[in-house]
Amino acid sequence: MLDTDLHLDFIGDIHGYADELEILLMKLGYAKLNNIYQHPTRKAFFVGDFIDRGPQIREVLELVRPMITNGYAYTVIGNHEYNAICYFVEVNSKPLRSHSQKNNAQIRLTKEAFAKDVDLLHDYINWFRTLPIYVDTPLFRVVHAQWKDIHINTLKANKINNFQNVNFLVDSVQPFNSLHKLTNCLLRGEEMKMAGVHFNDSDGHKREAYRVKWWLPEGEVAAHDYLINFPADTDNTLPIVYNPGYKLNQPPIFFGHYCLKNIESNLFQNNICCLDYCVANSGKIVAYRWNGEQVLKNENFVF
(Lines give C-alpha, C1' and ligand atoms only; values in the text may rest on other atoms or scores of the structure.)
Protein backbone atom coordinates (compact mmCIF):
# COMPACT_ATOMS: atom_id res chain seq x y z
CA MET A 1 0.00 0.00 0.00
CA LEU A 2 2.91 2.35 0.69
CA ASP A 3 4.01 2.12 -2.92
CA THR A 4 0.74 3.63 -4.08
CA ASP A 5 0.33 6.36 -1.44
CA LEU A 6 1.36 9.59 -3.16
CA HIS A 7 -0.26 12.01 -0.70
CA LEU A 8 1.76 11.80 2.51
CA ASP A 9 2.54 14.28 5.25
CA PHE A 10 5.96 13.45 6.69
CA ILE A 11 6.15 14.70 10.28
CA GLY A 12 9.28 15.23 12.35
CA ASP A 13 10.27 14.34 15.92
CA ILE A 14 7.49 14.97 18.48
CA HIS A 15 9.13 14.18 21.85
CA GLY A 16 6.04 14.41 23.99
CA TYR A 17 4.52 17.60 22.57
CA ALA A 18 0.96 16.47 21.88
CA ASP A 19 -0.61 19.95 21.77
CA GLU A 20 1.83 21.10 19.09
CA LEU A 21 1.24 17.91 17.12
CA GLU A 22 -2.54 18.42 17.21
CA ILE A 23 -2.16 22.00 16.01
CA LEU A 24 0.01 20.81 13.11
CA LEU A 25 -2.38 18.00 12.17
CA MET A 26 -5.33 20.39 12.14
CA LYS A 27 -3.33 22.86 10.06
CA LEU A 28 -2.74 20.01 7.60
CA GLY A 29 -6.47 19.32 7.43
CA TYR A 30 -6.69 16.29 9.74
CA ALA A 31 -9.69 15.98 12.05
CA LYS A 32 -10.86 13.52 14.68
CA LEU A 33 -13.34 10.89 13.56
CA ASN A 34 -14.16 8.14 16.05
CA ASN A 35 -11.52 9.79 18.26
CA ILE A 36 -8.73 9.17 15.69
CA TYR A 37 -7.06 11.89 13.65
CA GLN A 38 -7.44 11.23 9.93
CA HIS A 39 -7.56 13.00 6.60
CA PRO A 40 -10.01 12.25 3.77
CA THR A 41 -7.31 11.98 1.08
CA ARG A 42 -3.91 11.91 2.83
CA LYS A 43 -1.92 9.97 5.41
CA ALA A 44 0.66 11.05 7.97
CA PHE A 45 4.12 9.52 8.13
CA PHE A 46 6.04 9.94 11.38
CA VAL A 47 9.84 9.67 11.45
CA GLY A 48 10.05 8.47 15.06
CA ASP A 49 10.98 9.89 18.48
CA PHE A 50 7.54 10.12 20.06
CA ILE A 51 8.80 9.91 23.66
CA ASP A 52 11.13 11.58 26.19
CA ARG A 53 11.79 15.29 26.84
CA GLY A 54 8.27 16.70 26.52
CA PRO A 55 5.36 17.08 28.97
CA GLN A 56 2.73 14.98 27.12
CA ILE A 57 4.43 11.70 26.26
CA ARG A 58 1.47 9.49 27.06
CA GLU A 59 -0.87 11.81 25.14
CA VAL A 60 1.38 11.65 22.07
CA LEU A 61 1.34 7.86 22.09
CA GLU A 62 -2.43 7.82 22.60
CA LEU A 63 -2.73 10.05 19.54
CA VAL A 64 -0.30 8.42 17.11
CA ARG A 65 -0.75 4.72 17.84
CA PRO A 66 -4.43 4.59 16.78
CA MET A 67 -3.58 6.54 13.62
CA ILE A 68 -0.89 4.00 12.75
CA THR A 69 -2.70 0.80 13.73
CA ASN A 70 -5.85 1.89 11.90
CA GLY A 71 -4.06 2.76 8.67
CA TYR A 72 -4.28 6.56 8.81
CA ALA A 73 -0.54 6.98 9.37
CA TYR A 74 2.80 5.22 8.99
CA THR A 75 5.96 5.45 11.04
CA VAL A 76 9.55 4.32 11.48
CA ILE A 77 11.17 3.81 14.86
CA GLY A 78 13.29 6.54 16.44
CA ASN A 79 16.37 6.14 18.59
CA HIS A 80 14.39 7.12 21.69
CA GLU A 81 11.92 4.27 21.16
CA TYR A 82 14.88 1.95 20.58
CA ASN A 83 16.54 3.21 23.77
CA ALA A 84 13.33 2.52 25.70
CA ILE A 85 13.17 -1.02 24.32
CA CYS A 86 16.73 -1.70 25.45
CA TYR A 87 16.12 -0.04 28.83
CA PHE A 88 13.14 -2.23 29.70
CA VAL A 89 13.92 -5.52 27.93
CA GLU A 90 15.96 -7.87 30.09
CA VAL A 91 18.07 -10.80 28.96
CA ASN A 92 19.34 -13.15 31.66
CA SER A 93 17.77 -10.81 34.25
CA LYS A 94 19.85 -7.86 33.05
CA PRO A 95 18.54 -4.87 31.04
CA LEU A 96 20.08 -4.44 27.60
CA ARG A 97 20.58 -0.72 28.26
CA SER A 98 22.23 0.06 31.57
CA HIS A 99 20.26 1.97 34.20
CA SER A 100 23.03 4.52 34.55
CA GLN A 101 22.48 8.05 35.84
CA LYS A 102 22.58 9.35 32.25
CA ASN A 103 20.12 6.77 30.89
CA ASN A 104 17.81 7.13 33.90
CA ALA A 105 17.67 10.88 33.33
CA GLN A 106 16.91 10.48 29.63
CA ILE A 107 13.93 8.22 30.16
CA ARG A 108 12.67 9.76 33.42
CA LEU A 109 9.75 11.69 31.92
CA THR A 110 8.57 8.66 29.95
CA LYS A 111 8.61 6.52 33.10
CA GLU A 112 6.78 9.22 35.04
CA ALA A 113 4.10 9.45 32.34
CA PHE A 114 3.22 5.80 33.02
CA ALA A 115 4.02 5.67 36.73
CA LYS A 116 0.45 4.57 37.53
CA ASP A 117 0.18 2.13 34.62
CA VAL A 118 3.44 0.23 34.15
CA ASP A 119 1.68 -2.56 32.26
CA LEU A 120 0.58 -0.06 29.62
CA LEU A 121 4.13 1.23 29.32
CA HIS A 122 5.36 -2.30 28.64
CA ASP A 123 2.58 -2.72 26.08
CA TYR A 124 3.97 0.33 24.28
CA ILE A 125 7.48 -1.12 24.52
CA ASN A 126 6.23 -4.26 22.79
CA TRP A 127 4.59 -2.08 20.15
CA PHE A 128 7.85 -0.15 19.62
CA ARG A 129 9.52 -3.48 18.79
CA THR A 130 7.16 -3.92 15.83
CA LEU A 131 7.90 -0.53 14.24
CA PRO A 132 10.01 -0.63 11.05
CA ILE A 133 13.60 0.58 11.10
CA TYR A 134 13.33 1.88 7.55
CA VAL A 135 10.88 2.17 4.67
CA ASP A 136 12.16 1.83 1.11
CA THR A 137 9.84 2.34 -1.87
CA PRO A 138 10.63 3.23 -5.49
CA LEU A 139 9.40 6.80 -4.88
CA PHE A 140 10.63 7.66 -1.36
CA ARG A 141 12.58 6.42 1.63
CA VAL A 142 12.28 7.00 5.37
CA VAL A 143 14.67 6.34 8.24
CA HIS A 144 15.06 8.10 11.56
CA ALA A 145 18.64 9.39 11.28
CA GLN A 146 20.75 8.26 8.32
CA TRP A 147 20.27 6.26 5.16
CA LYS A 148 23.19 4.00 4.30
CA ASP A 149 22.73 1.43 1.56
CA ILE A 150 25.16 -1.14 2.97
CA HIS A 151 23.23 -1.31 6.26
CA ILE A 152 19.81 -1.33 4.61
CA ASN A 153 20.98 -4.16 2.34
CA THR A 154 22.19 -6.13 5.38
CA LEU A 155 18.77 -5.87 6.98
CA LYS A 156 17.07 -6.86 3.73
CA ALA A 157 19.34 -9.87 3.28
CA ASN A 158 18.48 -11.05 6.81
CA LYS A 159 14.76 -10.25 6.41
CA ILE A 160 14.88 -7.99 9.48
CA ASN A 161 13.19 -4.61 9.76
CA ASN A 162 12.23 -4.25 13.43
CA PHE A 163 13.39 -5.38 16.87
CA GLN A 164 11.09 -8.33 17.44
CA ASN A 165 13.94 -10.77 16.84
CA VAL A 166 15.58 -11.01 20.26
CA ASN A 167 18.92 -12.18 18.84
CA PHE A 168 19.11 -9.14 16.57
CA LEU A 169 18.11 -6.90 19.48
CA VAL A 170 20.84 -8.35 21.70
CA ASP A 171 23.45 -8.06 18.94
CA SER A 172 22.45 -4.45 18.30
CA VAL A 173 23.65 -3.37 21.77
CA GLN A 174 27.00 -5.18 21.68
CA PRO A 175 29.67 -2.49 21.10
CA PHE A 176 31.89 -4.54 18.79
CA ASN A 177 29.11 -6.23 16.84
CA SER A 178 28.56 -5.07 13.26
CA LEU A 179 24.81 -4.88 13.98
CA HIS A 180 25.52 -2.34 16.71
CA LYS A 181 27.27 -0.15 14.16
CA LEU A 182 24.36 -0.64 11.76
CA THR A 183 21.74 0.29 14.36
CA ASN A 184 23.69 3.33 15.54
CA CYS A 185 24.04 4.60 11.99
CA LEU A 186 20.39 4.24 10.99
CA LEU A 187 18.87 5.45 14.27
CA ARG A 188 21.49 7.89 15.60
CA GLY A 189 23.68 8.80 12.64
CA GLU A 190 27.35 8.12 12.10
CA GLU A 191 29.89 9.97 14.22
CA MET A 192 33.55 10.96 14.11
CA LYS A 193 35.54 11.19 17.32
CA MET A 194 37.81 14.20 17.70
CA ALA A 195 39.88 13.57 20.81
CA GLY A 196 40.37 16.65 22.94
CA VAL A 197 37.67 18.71 21.20
CA HIS A 198 34.34 18.39 22.97
CA PHE A 199 30.87 19.93 23.09
CA ASN A 200 27.87 19.55 25.37
CA ASP A 201 24.88 17.85 23.73
CA SER A 202 21.23 18.84 24.18
CA ASP A 203 21.09 16.83 27.42
CA GLY A 204 24.17 18.59 28.80
CA HIS A 205 26.54 15.64 28.39
CA LYS A 206 30.14 16.19 27.31
CA ARG A 207 30.87 14.54 23.96
CA GLU A 208 33.91 14.20 21.72
CA ALA A 209 32.09 12.21 19.02
CA TYR A 210 30.44 14.45 16.43
CA ARG A 211 27.58 13.49 14.15
CA VAL A 212 28.47 13.85 10.50
CA LYS A 213 26.62 15.78 7.82
CA TRP A 214 26.09 12.70 5.68
CA TRP A 215 23.73 14.66 3.45
CA LEU A 216 26.49 16.83 1.99
CA PRO A 217 27.22 16.20 -1.71
CA GLU A 218 29.61 13.39 -2.58
CA GLY A 219 33.29 14.34 -2.42
CA GLU A 220 36.07 15.52 -0.16
CA VAL A 221 35.16 17.88 2.65
CA ALA A 222 37.08 19.46 5.50
CA ALA A 223 36.31 17.74 8.79
CA HIS A 224 35.30 20.98 10.48
CA ASP A 225 32.62 21.46 7.80
CA TYR A 226 31.50 17.83 8.05
CA LEU A 227 30.88 17.67 11.79
CA ILE A 228 27.76 18.93 13.55
CA ASN A 229 28.33 21.25 16.54
CA PHE A 230 32.06 21.37 15.90
CA PRO A 231 33.42 24.52 17.62
CA ALA A 232 33.93 27.31 15.10
CA ASP A 233 37.02 28.65 16.88
CA THR A 234 38.88 25.33 16.76
CA ASP A 235 42.01 25.01 14.67
CA ASN A 236 40.84 24.22 11.14
CA THR A 237 43.92 22.14 10.29
CA LEU A 238 41.83 19.00 10.53
CA PRO A 239 41.77 16.03 8.16
CA ILE A 240 39.96 16.02 4.85
CA VAL A 241 37.36 13.27 4.76
CA TYR A 242 35.48 11.69 1.89
CA ASN A 243 31.70 11.82 2.07
CA PRO A 244 29.97 9.20 -0.12
CA GLY A 245 26.88 11.40 -0.16
CA TYR A 246 23.28 10.62 -0.95
CA LYS A 247 22.99 10.61 -4.73
CA LEU A 248 20.71 13.00 -6.59
CA ASN A 249 19.25 10.13 -8.61
CA GLN A 250 18.09 8.28 -5.48
CA PRO A 251 14.49 8.60 -4.24
CA PRO A 252 13.71 11.42 -1.80
CA ILE A 253 14.78 10.55 1.73
CA PHE A 254 12.84 11.81 4.78
CA PHE A 255 14.35 11.68 8.27
CA GLY A 256 14.46 13.51 11.61
CA HIS A 257 16.82 13.34 14.60
CA TYR A 258 19.20 16.26 14.07
CA CYS A 259 17.45 18.99 16.06
CA LEU A 260 17.93 21.82 13.58
CA LYS A 261 17.81 25.19 15.29
CA ASN A 262 17.65 28.84 14.32
CA ILE A 263 17.01 28.19 10.64
CA GLU A 264 13.90 28.16 8.56
CA SER A 265 12.62 24.85 7.22
CA ASN A 266 14.91 24.12 4.31
CA LEU A 267 16.03 21.19 2.17
CA PHE A 268 19.61 19.98 2.36
CA GLN A 269 19.36 18.84 -1.25
CA ASN A 270 16.35 18.54 -3.55
CA ASN A 271 15.88 14.91 -2.49
CA ILE A 272 17.04 15.16 1.15
CA CYS A 273 14.56 16.34 3.78
CA CYS A 274 15.25 16.60 7.52
CA LEU A 275 12.12 17.14 9.61
CA ASP A 276 13.47 17.58 13.15
CA TYR A 277 13.30 21.25 14.08
CA CYS A 278 13.86 20.74 17.79
CA VAL A 279 10.40 21.16 19.30
CA ALA A 280 11.80 19.95 22.63
CA ASN A 281 14.21 22.88 22.71
CA SER A 282 11.94 25.84 21.91
CA GLY A 283 11.73 24.83 18.24
CA LYS A 284 8.79 23.61 16.20
CA ILE A 285 7.13 20.49 14.82
CA VAL A 286 7.50 20.38 11.06
CA ALA A 287 5.80 18.47 8.25
CA TYR A 288 6.62 18.09 4.59
CA ARG A 289 3.49 17.78 2.42
CA TRP A 290 4.49 15.30 -0.31
CA ASN A 291 2.47 14.58 -3.44
CA GLY A 292 4.76 12.14 -5.23
CA GLU A 293 7.30 14.68 -6.51
CA GLN A 294 10.89 13.49 -6.92
CA VAL A 295 12.27 17.03 -6.75
CA LEU A 296 11.29 18.33 -3.33
CA LYS A 297 10.23 21.94 -2.76
CA ASN A 298 10.87 24.23 0.21
CA GLU A 299 7.35 25.64 -0.06
CA ASN A 300 5.91 22.24 0.89
CA PHE A 301 7.06 22.56 4.51
CA VAL A 302 4.30 23.23 7.04
CA PHE A 303 5.01 24.11 10.67
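Use the structure listed above.
This structure is a prediction, so every number in the text was calculated from the model and none was measured.

Basis of the calculations
- Residues numbered from 1 in each chain as written.
- Predicted model: local features only at pLDDT ≥ 70, side-chain atom pairs only at ≥ 80, totals over all residues.
- Heavy atoms only, no water.
- Helix = DSSP H or I, 4+ residues; strand = E, 2+ residues; numbered from the N terminus.
- Rg over C-alpha atoms; globule rule 2.2 N^0.38 Å.
- Buried < 20%, exposed > 50% of the residue type's maximum accessible area, 1.4 Å probe, protein only.
- Contact = heavy atoms within 4.5 Å.
- Lys, Arg positive; Asp, Glu negative; His and termini not counted.
- Charge placed at Lys NZ, Arg CZ, Asp CG, Glu CD.
- Disulfide = S-S within 2.5 Å.
- Pairing = 2+ DSSP bridges.
- Axes fitted to C-alpha atoms, helices over the stretch in contact; angles between N-to-C directions.
- Salt bridge = Lys/Arg side-chain N within 4 Å of Asp/Glu carboxyl O.
- Polar contact = N/O pair within 3.5 Å; in protein donor to acceptor, adjacent residues only side chain to side chain.
- Core = buried A, V, L, I, M, F, W, Y, C linked by side-chain atoms within 4.5 Å.

(A) The arrangement of the overall build of the protein in detail. Along its length, the protein carries 9 helices and 21 strands. Taking 2.2 N^0.38 as the reference for a compact globule, 303 residues should give roughly 19 Å; the C-alpha atoms of the protein span a radius of gyration of 19 Å, in line with that estimate. Seen through its C-alpha atoms, the protein measures out along the principal axes to roughly 60 × 50 × 40 Å. A total of 303 residues make up the protein; the buried ones form 52% of that total. Within the protein, contacts between residues at least 6 apart in sequence are counted, and of these 64% link residues at least 24 apart. Positive and negative charge centroids in the protein, built from 30 and 34 side chains respectively, lie 2 Å apart.

(B) Summary view of the state of the cysteines. Inspection of every chain in the model, using the stated rule, returns 1 disulfide. With its sulfur 1.7 Å from that of its partner, Cys259 forms a disulfide with Cys278. You can see Cys259 sitting in the loop between strand S16 (253-255) and strand S17 (272-274) and its partner Cys278 sitting in the loop between strand S18 (276-277) and strand S19 (284-285), a full 19 residues away along the chain. You can call Cys259 partly exposed: its relative accessible area is 21%. Here Cys274 stays free of any disulfide, with the sulfur of Cys273 as its closest cysteine sulfur at 7.4 Å. Cys274 gets classed as buried once you look at its relative accessible area, which sits at 0%.

(C) Local environment of the sheet that holds strand S20 (residues 287-290). Strand order in the open sheet formed by 5 strands is S5-S4-S1-S20-S21, with mixed pairing between adjacent strands. Of all the strands in the sheet, the pair left with one neighbour each is strand S5 (73-75) and strand S21 (301-302). Where strand S1 (residues 8-11) meets strand S4 (residues 43-46), 4 bridges bridge the pair, whose relative direction is parallel. Bridge pairing in S4 links Asp9 to Ala44. Lying over the sheet, helix H1 (residues 18-27) contacts S1, S4, S20 and S21, oriented at roughly 155 degrees with respect to S1.

(D) Local environment of the sheet that holds S16. Strand order in the open sheet formed by 4 strands is S8-S9-S16-S17, and the pairing between neighbours is mixed. At either margin of the open sheet sits one strand with a lone partner, and together these are strand S8 (134-136) and S17. Strand-to-strand twist of the sheet, defined as the mean angle between neighbouring strand axes without regard to direction, takes the value 15 degrees. Where strand S9 (residues 141-143) and S16 come together, 2 bridges link them in parallel fashion. The residue of S16 that forms the bridge with Val142 is Phe254.

(E) Broad picture of the pairing of S20. Relative to S20, S1 runs antiparallel, the two sharing 4 bridges. Across the sheet, residue Ile11 finds its bridge partner in S20, namely Ala287.

(F) Spotlight on the side chain of Asp13. Looking at the element boundaries, Asp13 is found in the loop between S1 and H1. Of the side chains with opposite charge, Arg53 comes closest to the buried, unpaired Asp13, at an N-O distance of 6.6 Å. Within polar-contact distance, the side chain of Asp13 engages the backbone nitrogen of His257 at 3.2 Å. With residues up to four places along the chain from it excluded, the contact list for Asp13 reads Val47, Gly48, Asp49, His144, Gly256, His257, Leu275, Asp276, Val279 and Ile285.

(G) Quick peek at the nonpolar core. Residues Ile11, Phe46, Met67 and Phe128 are the most contacted members of the largest nonpolar core, which totals 98 residues. Among residues more than four places away in sequence, those in contact with Phe128 are Ile51, Leu61, Ile77, Glu81, Ala84 and Ile85.

(H) Seen up close, the side chain of His15. On the secondary structure map, His15 appears in the loop between S1 and H1. Discounting residues that sit within four places of it in the chain, His15 has contacts with Asp49, Phe50, Ile51, Asp52, Arg53, Gly54, His80 and Ala280.

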